[in-house]
Structures are given as structure tokens and as C-alpha cells.
Amino acid sequence: MMLHFREPAKLKTKRVIFEDAYAARDSATLENLKELSSKRKVIEDSINQNCYITEAIAREMSGGLTCPFQQVDLRKLEQYLPLLENLVYHVDLLGSNHQIAWWTSELKIRWSSALGASSFFNLMGPKFYQIDNLHFELGMVLFLYGAILRERALEIVPSDIVQSATLFREAAGVFLYLSQEVFPSLQPTLPAERPPEATSYMSTVMSLICLAEAQAVSIKKAEEKGTTAGLLAKLHYGVAEMLGEAIDVLYSANGQCKDISSCFMEFICSCKALHELSSQKYLAESLKDAGQVGIAIGILHDALINVKKKMPGEESHKSIFRKEVDVAADMLTKCERENEFVWQQKIASGDELPLPQGNKIVNAMPYRPKRWERELAFKI
């Protein structure tokens, strides 16, 4: 029972050639700049879907993954990031040097948005945002890295729950690093028109989503082990609480969230509603087992009323919703029938119903950036 939303990994970018922008003082620096361009081109070709290889070869190279944006090899990003970190380090050492600033602007660093309000149903192709700052490049590449880690986690849920949860936690750590270490210093220099992916708040939201998904996957394992209904109720509500935090962050940063994709907002709200329903379903089961059938019926009745108000528009999500609603409705019918003929308890409502409680059992795995320490010298 997991809703999928793969848009965060659908970023696109324009060509960047480092050696054409920065004037190297020596051959070693020139080679490093050329290597940066070469490593980035592999990523550009992958995410822009213009690599001239057959589908079969692409699938083999990407470990059997078939979606174009899933075929971005994590190793390619991991080879580019240390080189980019090194360039950022050396450029930062030079401070606010006008020559360096001019060269950086000549890179014309441009990225699209996958989560902005204008990113969906754009018949003219993606809108690109140019921000002349290497920290923008670093941030967007790391965002892509975190998003693809999340994709890998989603892909292997059916085959390896433990590894899937680990990858979700790794992705959460990447986004947490972005929100705390990379984007805060970039915010003052960002233009008014910028992709939401280049903001601290969006990285915080993505970190919370990944943690929620890690816990959702862990719940699958707990269900397989026969964990008690009472604990499962708390674990599901813990997922709902994390997603509620993500929604709060979005609204506190954006007011009415007009700059954010409505599909993205619907995804988060739908996931939250689904885990709330699962929590209430398990809580009702726990109370029924304890002989408190009247309270169990009241919980299921309220849960079904609330979840039906939150039915998503996305058809694939809607089918999952209907299935879970049907399970809860069947459970309610059985409880009502049993209560009528056996228990004859008063049906609880309003303040008589227990407040939900959540448990959070996952945390982000810290992301530790790697920098290939190579000296870079420029003609300033």
C-alpha cells in the first residue's frame, strides 16, 4: 500500500562546458575542467533522454530499470559530485572576485523544475531557470541524486524491503544535507523566479517524504512478522505525522502553494490520508480484540467519512484508495453485525473516541560529501 510519485527525479538541464568558461592557468587545471564537463555530459544525456543507445543496452546498464529518468546511473553522479565539490571549494576560496563571477555566469547553469506549478502539462517543453552560482549547480545535482536514490528504493520494495528502507533513509539524508548545508547560503542570491528544488524548504519536504516512505516500507516488514495491531496503528500514524509536517512546511513557505505542482500536493495529502485510514483500521482491530467494539465501530465510521472526502484525482492512486476503503468498510460491516447480535455496545462518537498516537522509528542516514582534492589555478 504505497502511492508512487516519480516526478522529483524528472529534472532536465542544459549543456555546461567548464573549460570554455574558466581560464585555466596550467594544464592540470584544464584537464580537471575538461573532466568535469565530460562527467556532466553523461548526466545531461541521461536525464535529457538524448543518449543514442538502444533501450536494451540502457536497461542492461541501469540494472534492469526501464523508465528513462531511472536510467541515470548513481555511479555517474557519484563520479561527478566530488569533482564539482572541488571546483566549488576553490571558487569559494577566491571570494567575491569579479572575474570568477563573470566566468561563472558564462557557464549559463540552467535546470528545469519537476515540482513547480508550471512543470506539468507544458506543451512548449520544460521551463529552464538560469542562476549564475556554482552552489545552484551543486544543489540541483544533489537534489537529483537524492531523487534517484528514492527511485531506486521504490523500485526494489517488492524484492528487498530492508534495502529499500535503507535507500529511502539515504535519500532523506541527502535532502537534509541540502536543506541545512547547501541551500541556506544560496537563498539570499536567488532571483524571485527560481525552481522550488533550489530552496531549503523543498529539500526539507523531500527529506520528510523519504522518511515517511522508509517507515511505510518498515511497516510492511512489521506486518509480515505479525506485529500487534496496536503498534501497527501507531506506526501508520507516525507516517501520517511526517507527511503532515511536510504539508505544514510547504504552506508556511508558500502560503497557498501556488508555485508548487498541484499533483505533488495531492500526492502528499493522499499518502497522509491513506496512512491515517490504515492507522484507524488497526486501532479499531486492536480495540475490537479488547472487547471495545462500540469504540472500534465509531473509529471506523469516522475514518471512512474522512477518507472519502480526500479521494485523489490520479487514477492509479484512486484504485489503491478504493481498495483500502473497501477493506475498512467490510471491517465496519462485520463489527456492526457482531455488535448487533452479540455485544450490543453503544457506538462511540466525538470526544468518546481515542486520539490517535504516532510512533516514528526511522531517521535519516547522514550524507557525507566527498571532495577530490585537486589543486585548481585560474588566470585572474
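How each quantity is defined
Residues numbered from 1 in each chain as written. Predicted model: local features only at pLDDT ≥ 70, side-chain atom pairs only at ≥ 80, totals over all residues. Heavy atoms only, no water. Helix = DSSP H or I, 4+ residues; strand = E, 2+ residues; numbered from the N terminus. Buried < 20%, exposed > 50% of the residue type's maximum accessible area, 1.4 Å probe, protein only. Contact = heavy atoms within 4.5 Å. Areas by Shrake-Rupley, 256 points an atom, 1.4 Å probe, with all protein chains shown as cover. Lys, Arg positive; Asp, Glu negative; His and termini not counted. Charge placed at Lys NZ, Arg CZ, Asp CG, Glu CD. 1 Å grid on protein atoms, 1.4 Å probe; cavity = no way out; pocket = protein on both sides within 12 Å on 5 of 7 lines; lining within 4 Å. Points joined across faces, edges and corners; volume = space filled by probe spheres on them. Nonpolar A, V, L, I, M, F, W, Y, C, P; charged D, E, K, R; others polar. Phe/Tyr/Trp six-rings, centres within 6.5 Å; stacked < 30°, edge-to-face > 60°. Axes fitted to C-alpha atoms, helices over the stretch in contact; angles between N-to-C directions. Left-handed = near helix turned anticlockwise from the far one by under 90°. Core = buried A, V, L, I, M, F, W, Y, C linked by side-chain atoms within 4.5 Å. Salt bridge = Lys/Arg side-chain N within 4 Å of Asp/Glu carboxyl O. Parallel < 35°, antiparallel > 145°, perpendicular 65-115°, else oblique. Expected span 1.5 Å × (residues − 1). Polar contact = N/O pair within 3.5 Å; in protein donor to acceptor, adjacent residues only side chain to side chain.

1. Quick notes on the overall build of the chain
- Scanning the chain from terminus to terminus reveals 12 helices and two strands.
- Walking the chain from its N terminus toward its C terminus, one meets helices and strands in the order α-α-α-α-α-β-β-α-α-α-α-α-α-α.
- Projected onto its principal axes, the C-alpha coordinates of the chain cover approximately 90 × 45 × 40 Å.
- Split into buried and exposed, the 380 residues of the chain put 49% on the buried side.
- Excluding contacts between residues fewer than 6 apart, the proportion of contacts in the chain whose partners are at least 24 apart in sequence is 79%.
- Accessible surface computed for the chain: about 18100 Å², of which carbon and sulfur atoms make up 51%.
- Distance between charge centres in the chain, computed from 43 positive and 48 negative side chains, equals 2 Å.

2. Remarks on empty space enclosed by the protein
- As enumerated under the stated definition, the model contains three cavities of 30 Å³ or more in all.
- Approximately 100 Å³ is the volume attributed to the largest cavity.
- Surrounding the largest cavity, 13 residues form its lining, Leu3, Glu213, Ala216, Cys271 and His275 being those nearest its centre.
- For the lining of the largest cavity, the elements supplying multiple residues, two or more each, are α8 (200-224), α9 (229-254) and α10 (262-289).
- Here the lining of the largest cavity is built from residues that sort into 11 nonpolar, one polar and one charged.

3. Quick word on the packing of aromatic side chains
- In this structure the tally under the stated criterion is eight aromatic pairs.
- Considering the side-chain rings of Tyr22 and Trp103, the 6.2 Å spacing of their centres and the 85° angle between planes classify their relative orientation as edge-to-face. Here Trp103 lies in helix α5 (residues 98-107) and Tyr22 lies in the loop between α1 (18-21) and α2 (27-47), a separation of 81 residues in the sequence. Each member of the pair, Tyr22 as well as Trp103, is classed as buried.
- With centroids separated by 5.6 Å and ring planes inclined at 45°, the aromatic side chains of Tyr22 and Phe378 adopt a geometry described as tilted.

4. Concerning the packing of α8 against α10
- Running from N to C, α8 and α10 cross one another at 30°; their axes reach a closest spacing of 12 Å. Between α8 and α10 lies a crossing of left-handed hand. Of α10, the residues touching α8 (which contributes Met202, Val205, Met206, Ile209, Glu213, Ala216 and Glu223) are Phe264, Phe267, Ile268, His275 and Tyr282.
- Among the residues making up the contact of α8 with α10, the classes are represented as nine nonpolar, one polar and two charged.

5. Considering the nonpolar core
- With 118 residues, the main nonpolar core has Phe18, Tyr22, Leu87, Phe264 and Ile268 as its most contacted residues.
- If one sorts the elements of this core by residue count, helix α6 (residues 134-155) sits on top with 14 residues.
- Once residues lying within four places of it in the same chain are set aside, the contact partners of Ile268 are Val205, Ile209, Leu243, Ala246, Ile247 and Leu250.

6. What about the environment of Leu87?
- Turning to its location among the elements, Leu87 is positioned in helix α4 (residues 74-93).
- When its relative accessible area of 0% is taken as the criterion, Leu87 is described as buried.
- For Leu87 and Arg374, which are 287 residues apart along the polypeptide, the C-alpha to C-alpha distance reads 8.9 Å.
- In contact with Leu87, not counting residues within four places along its chain, are Phe18, Tyr22, Leu33, Leu36, Leu134, Leu376 and Phe378.

7. What about the pattern of salt bridges?
- The tally for this structure, following the rule as stated, stands at 20 salt bridges.
- Across the pair Glu193 and Lys127 runs a salt bridge whose closest N-O atoms are separated by 2.1 Å. One end of the pair, Glu193, is in the loop between α7 (161-186) and α8; the other, Lys127, is in the loop between β1 (110-112) and β2 (128-130), and 66 residues separate them in sequence.

8. A look at the packing of α7 against α8
- Where α7 contacts α8, the axes come no closer than 8 Å and their chain directions differ by 165°. The angle between the axes of α7 and α8 places the two elements in the roughly antiparallel class. When you trace α7 past α8, the crossing you get is left-handed.
- By residue class, the composition of the contact of α7 with α8 is 16 nonpolar, seven polar and five charged.

9. With respect to α4
- For α4, which comprises 20 residues, the first-to-last C-alpha distance of 29 Å matches the rise-based estimate of 28 Å (1.5 Å per residue) to within 8%.
- Where α4 begins, the side chain of Asp73 points an oxygen toward the backbone nitrogen of Arg75, at a separation of 2.9 Å.
- Following α4 by one or two positions, Gly95 has its phi on the positive side, about 65°.

10. Things to note about α2
- Spanning 21 residues, α2 covers 30 Å between terminal C-alpha atoms, matching the ideal 30 Å at 1.5 Å per step.
- Among all positions in α2, only Thr29, Asn32, Leu33, Leu36, Ser37, Arg40, Ile43, Glu44, Asp45 and Ile47 are buried.
- Those residues of α2 that are buried are in contact with α1, α4, β1 and α6.
- The backbone nitrogen of Ala28 has a side-chain oxygen 3.3 Å away, supplied by the residue at the start of α2, namely Asp26.
- Trailing α2 by a residue or two, Gln49 shows a phi angle of about 60°, which is positive.

11. As for the environment of Glu137
- Relative to the elements of secondary structure, Glu137 occurs in helix α6.
- On the basis of relative accessible area, Glu137 is assigned to the buried category, the value being 1%.
- Remark: the alpha-carbon pair of Glu137 and Arg110, spanning 27 residues in sequence, is separated by 8.3 Å.
- What Glu137 contacts, discounting residues up to four positions off in sequence, is Arg40, Tyr80, Leu84, Ile109 and Trp111.
- At 2.7 Å, the side chain of Glu137 forms a polar contact with the side chain of Arg40.

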